[in-house]
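What follows is each chain in one-letter form.
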Amino acid sequence: GKGFASVNVELRKTLDLYANLRPVHNLPGLQSRFGDIDLIVVRENTEDLYSGIEHRVAPGVTESLKIITRKASRRIAKFAFEYAREHGRKKVTSVHKANIMKMSDGLFIECSKNVSKDYPEIEYQEIIVDNLAMQLVMRPQQFDVLLLSNLYGDIVSDLCAGLVGGLGLVPGANIGERYAVFESVHGSAPDIAGKGIANPLATILSGILMLRHLGLADAASRLLQAVQHVTTKGEYLTKDLGGRATTIEMA
């Protein structure tokens, strides 16, 4: 691959930001195929194929190691169930490909299932990742909290963003025991940098997640109301949302 090593991945490893949290909701006034999306994507953030352990076996043959540990799997499962309990969520769905990767993904769902026993009030289910992809574009309303390992979580969270209008509308949080980093998940978009056309909502919504994490619920609520007011009124929307406003005008 081209480019330099991911700074985000390095931050997650260095600060042990093991939980990636991506709430996916519809915003009022913005049309999408489904009008009632309310999903929480919880992604393990430190291992799996993103461990970056790969090498060349022989000319034309490479090998990447998929690392799944009991410690990381139990930790992210507990995070998902604690989040569900704290926010009144009813169901956690663990996503896997254990029909093929019986040991690695098998360990992930084994840990998820064991942790689920400590939360009897929350429904627990498992689903194979390819079936999940199909179900999400047919009936996404059937899911509540999705629990995924690193690679599946990266892919599925972007798919979920597409259900509500794209990456410009979805916030992200990387949370650890001591530190947390909040970011819009769409990347730096160098092709439109400096043009004043980028959608600022993902960054603003990430700020709302940060305020909540800091215990500033009132400020977070007021900022969310402001976002909803702007999207409902529809007067200041960036081009990707069908409007003509610049980034600064919308912000």
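Attention in this report is confined to the structure presented alongside it. As the structure is a prediction and not an experimental result, all values here were calculated from the model.

**Points about the pattern of salt bridges**
Phase 1: In the structure shown here, the tally under the stated rule is 14 salt bridges.
Phase 2: Residue D158 is joined to R22 by a salt bridge in which the shortest nitrogen-to-oxygen separation is 3.0 Å. Linking D158 in helix α5 (residues 150–164) with R22 in strand β1 (residues 19–25), this pair joins segments that are 136 residues apart in sequence.
Phase 3: Of the residues examined, D158 reaches a relative accessible area of 32% and is grouped as partly exposed.
Phase 4: Among the residues examined, R22 registers a relative accessible area of 4% and is labelled buried.

**Some details on the nonpolar core**
Phase 1: Formed by 29 residues in total, the largest nonpolar core has its most connected members in L21, V42, I76, F79 and L147.
Phase 2: Elements with a contribution of two residues or more to this core: β1, β2 (38–44), α2 (70–86), α3 (104–116), β7 (145–148) and β8 (171–175).
Phase 3: When residues no more than four places from it in sequence are discounted, the contact partners of L147 are V42, I76, A77, A80, V92, T93, S94, V95, F108 and S112.
Phase 4: Counting 20 residues, the second-largest nonpolar core is a separate cluster that includes V24, L39, V156 and V164.

**Quick word on the environment of K102**
Phase 1: Turning to its location among the elements, K102 is positioned in the loop between β5 (91–96) and α3.
Phase 2: On the basis of relative accessibility, which here comes to 59%, the residue K102 falls in the exposed class.
Phase 3: Polar side-chain contacts of K102 include one of 2.9 Å to the backbone oxygen of N99.

**Examining the environment of G166**
Phase 1: Mapping G166 onto the fold places it in the loop between α5 and β8.
Phase 2: Along the sequence, G166 and D240 sit 74 residues apart, while their C-alpha atoms lie 8.9 Å from each other.

**Details of the packing of aromatic side chains**
Phase 1: Counted under the stated rule, the structure contains three aromatic pairs.
Phase 2: Geometrically, the ring pair formed by Y18 and F79 is edge-to-face, given 6.2 Å between the ring centres and 85° between the ring planes. Separated by 61 residues along the polypeptide, Y18 in the loop between α1 (7–14) and β1 and F79 in helix α2 bring together distant segments of the chain. Neither Y18 nor F79 differs from the other in exposure class; each is buried.
Phase 3: Taking the centre distance of 6.2 Å and the plane angle of 40° together, the rings of F81 and Y124 count as tilted. On the criterion of sequence distance, the pair formed by F81 in helix α2 and Y124 in strand β6 (residues 123–128) is long-range, its members being 43 residues apart. For the pair F81 and Y124, a shared accessibility class is recorded, and that class is buried.
Phase 4: Taken together, F81, Y119 and Y124 form an aromatic cluster joined through their ring pairs.

**Quick word on the layout of surface pockets**
Phase 1: Roughly 640 Å³ of volume is contained in the largest pocket.
Phase 2: As for the largest pocket, its lining consists of 26 residues, of which P23, Y83, H87, L209 and R212 are closest to the centre.
Phase 3: Breaking the lining of the largest pocket down by element, the ones donating at least two residues are β1, α2, β8, α6 (201–213) and α7 (217–233).
Phase 4: Ranked by residues supplied to the lining of the largest pocket, first place goes to α6 with five residues.

**A short note on a nonpolar patch on the surface**
Phase 1: A cluster of nonpolar residues, F4, V7 and L11, forms a patch on the protein surface that exposes about 330 Å² of accessible area.
Phase 2: Residue position: L11 is located in helix α1.
Phase 3: A relative accessible area of 34% places L11 in the partly exposed class.

**Points about the pairing of β5**
Phase 1: With respect to burial, β5 is a largely interior element, six of its six residues being buried.
Phase 2: With six bridges joining them, β5 and β6 adopt parallel strand pairing. When the sheet's bridge partners are listed, S94 is paired in β6 with E126.
Phase 3: With respect to chirality, the unit in which β5 leads through α3 into the neighbouring parallel β6 is right-handed.
Phase 4: Sheet topology note: the β5/β7 ladder contains three bridges and is parallel. Bridge pairing links V92 to V145 in β7.

Procedures and definitions
- Residues numbered from 1 in each chain as written.
- Predicted model: local features only at pLDDT ≥ 70, side-chain atom pairs only at ≥ 80, totals over all residues.
- Heavy atoms only, no water.
- Salt bridge = Lys/Arg side-chain N within 4 Å of Asp/Glu carboxyl O.
- Helix = DSSP H or I, 4+ residues; strand = E, 2+ residues; numbered from the N terminus.
- Buried < 20%, exposed > 50% of the residue type's maximum accessible area, 1.4 Å probe, protein only.
- Core = buried A, V, L, I, M, F, W, Y, C linked by side-chain atoms within 4.5 Å.
- Contact = heavy atoms within 4.5 Å.
- Polar contact = N/O pair within 3.5 Å; in protein donor to acceptor, adjacent residues only side chain to side chain.
- Phe/Tyr/Trp six-rings, centres within 6.5 Å; stacked < 30°, edge-to-face > 60°.
- 1 Å grid on protein atoms, 1.4 Å probe; cavity = no way out; pocket = protein on both sides within 12 Å on 5 of 7 lines; lining within 4 Å.
- Points joined across faces, edges and corners; volume = space filled by probe spheres on them.
- Patch = residues over 30% accessible without salt bridge, like charges linked within 9 Å, V, L, I, M, F, W, Y side chains within 5 Å.
- Areas by Shrake-Rupley, 256 points an atom, 1.4 Å probe, with all protein chains shown as cover.
- Pairing = 2+ DSSP bridges.
- Right-handed = clockwise from strand over helix to strand, strands pointing away.

Function-wise, these values are silent; they only describe arrangement.
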